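Listed here are the chains, written in short residue letters.
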Amino acid sequence: MSECGENLAAHQWGVAAIAIWLEPDISRDGLMLALFHDVGEALTGDLKGPFVAAYPAETAPIKAREQAHMEDLTGGVFGVSEWEQNVVHFVSHMHHILF
């Protein structure tokens, strides 16, 4: 997943830890989203952001499968606010930069 050898589980745990630190009042579902936000990549593989941005039409089916895998593995979409979705998204990117 990363150049330093971090795996998917370590990334998701790190995102959850940082999300709690930045947003101590994050809901249970927000925390669950942080813990499982990339679980679909276990089945589809990790697509790097610049590649997705450069080839949106080509990567859209893979991202859709990734989302479907996440929903299958977690039992559905978490009921989180737009704010919490943004927090998890931001923290995930921040975690990639830091680690």
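Residues numbered from 1 in each chain as written. Predicted model: local features only at pLDDT ≥ 70, side-chain atom pairs only at ≥ 80, totals over all residues. Heavy atoms only, no water.

> Please clarify how helix α6 (residues 82–98) should be interpreted in this entry.
Spanning 17 residues, α6 covers 24 Å between terminal C-alpha atoms, matching the ideal 24 Å at 1.5 Å per step. In this structure, the buried side of α6 is in contact with α1 (8–22) and α2 (28–36). (Helix = DSSP H or I, 4+ residues; strand = E, 2+ residues; numbered from the N terminus. Expected span 1.5 Å × (residues − 1). Contact = heavy atoms within 4.5 Å.)

> Explain the environment of Glu-58 to me, please; I cannot follow it from the model alone.
Along the chain, the position of Glu-58 falls in helix α5 (residues 56–74). Using a relative accessible area of 53% as the deciding quantity, one classes Glu-58 as exposed. (Buried < 20%, exposed > 50% of the residue type's maximum accessible area, 1.4 Å probe, protein only.)

> Hey, could you run me through a nonpolar patch on the surface in this one?
Side chains of Trp-21, Leu-22 and Phe-90 sit close together on the surface and give an oily, nonpolar patch of about 390 Å² of accessible area. With respect to the helices, strands and loops of the structure, Phe-90 is situated in helix α6. (Patch = residues over 30% accessible without salt bridge, like charges linked within 9 Å, V, L, I, M, F, W, Y side chains within 5 Å. Areas by Shrake-Rupley, 256 points an atom, 1.4 Å probe, with all protein chains shown as cover. Salt bridge = Lys/Arg side-chain N within 4 Å of Asp/Glu carboxyl O.)

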